[in-house]
Amino acid sequence: MQPESAGPSLFALADGSARDAGLKNALKSLTPVDDKRVKVDMEMADFDALVGWIEKLDREHGVDVVEWSVNSELVPGVVSARMILNSNR
């Protein structure tokens, strides 16, 4: 008997959900670290959209941010962010 699929990979989940959250243009790189973690780099991201995306990943998919660096940009409410996401599933 084959094990059930656990759903999309964390890479695919992070990529698709970031685009759905309106962060497509801010997403500069998405790099797998290992099978449970991905590194995300965003530039000129809307802060509220970024926080909403992270909250939704946690609530709906059990994904946590394990490393986080955020810098404000000259435009109010806009940030650049680097983070590592970790899947708990």
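Each chain carries its own residue numbering, running from 1 in the written order of its sequence. Reporting in this predicted model follows two pLDDT cut-offs: at least 70 for local features of residues, and 80 or more for side-chain atom pairs to be given and counted; totals over whole chains, interfaces and linings ignore these cut-offs and use all residues. Computation of side-chain values: all heavy atoms of the structure, hydrogens and water removed.

**Re the side chain of Ser17**
The test is simple: Helix numbering and strand numbering both begin at the N terminus, where a helix is a DSSP run of H or I of at least 4 residues and a strand a DSSP run of E of at least 2. What qualifies as a polar contact is a pair of N or O atoms within 3.5 Å, subject to a donor-acceptor requirement within protein and to the restriction that residues adjacent in sequence count only when both atoms come from side chains. What makes two residues a contact is simply this: any of their non-hydrogen atoms within 4.5 Å.
Position of Ser17 relative to the elements: it lies in helix H1 (residues 10–20). At 2.8 Å, the side chain of Ser17 forms a polar contact with the side chain of Trp53. If near-sequence neighbours (up to four positions away) are discounted, Ser17 is found in contact with Trp53 and Leu57.

**Remarks on the pairing of strand S1 (residues 27–34)**
The test is simple: Strand pairing is defined by DSSP finding a minimum of two bridges between the two strands.
Taken together, the 6 bridges between S1 and strand S2 (residues 37–46) define a ladder with antiparallel strand orientation. Looking across to S2, one finds that Asp34 is bridged to Arg37. Turn length for the S1-S2 hairpin, with the two strands adjacent in sequence and antiparallel, is 2 residues.

**Quick notes on the pairing of strand S4 (residues 78–87)**
Quick note on the threshold: Between buried and exposed lies partly exposed: a residue is buried under 20% and exposed over 50% of the maximum accessible area for its type, with that area taken using a 1.4 Å probe on protein chains only.
For S4, a buried count of 9 out of 10 residues is recorded, marking the element as mostly surrounded by other parts of the structure. Of the pairings in the sheet, the one linking strand S3 (residues 63–72) to S4 comprises 9 bridges and is antiparallel in character. Looking at the pairing, Trp68 lines up with Met83 of S4. Hairpin geometry of S3 and S4 is characterised by an intervening segment of 5 residues between the two adjacent antiparallel strands and by a positive phi of about 80° at Gly77.

**Examining the packing of H1 against helix H2 (residues 47–61)**
For clarity, the threshold we go by: Axis lines are fitted to C-alpha atoms, over the contacting stretch for helices. Their N-to-C directions set the angle, which ranges from 0 to 180 degrees. An angle counts as roughly parallel when it lies under 35 degrees, as roughly antiparallel when it exceeds 145, as roughly perpendicular when it falls between 65 and 115, and as oblique in every other case. The crossing is said to be left-handed when, going from far helix to near helix, the turn is anticlockwise and less than a right angle, and right-handed when the turn is clockwise.
Their axes nearest at 10 Å, the elements H1 and H2 cross at an angle of 130°. As judged from the angle between their axes, H1 and H2 are oblique. In this structure, the crossing between H1 and H2 has a hand that is right-handed. In contact with Leu13, Ala14, Ser17 and Ala18 of H1, H2 contributes Trp53, Leu57 and His61.

**Here we look at the side chain of Ser87**
For Ser87, the location among the structural elements is in strand S4. Not counting residues within four places of it along the chain, the set of residues in contact with Ser87 comprises Leu10, Lys36, Gly62 and Val63.

**What about the nonpolar core?**
Nonpolar side chains tend toward joint burial in soluble globular proteins. Here is the rule: Among buried residues, those of type Ala, Val, Leu, Ile, Met, Phe, Trp, Tyr and Cys that are joined through side-chain atoms within 4.5 Å constitute a nonpolar core.
Counting residues in hydrophobic clusters, the biggest one holds 22 residues, and the most contacted among them are Leu23, Val40, Met42, Leu50, Trp53, Met83 and Leu85. Counting residues per element, the ones that place at least two in this core are H1, S1, S2, H2 and S4. In terms of residue count, H2 provides more of this core than any other element does, 5 residues in total. Excluding anything up to four places from it in sequence, Leu85 contacts Leu10, Ala14, Lys36, Arg37, Val38, Val40, Trp53, Leu57, Val63, Asp64 and Val65.

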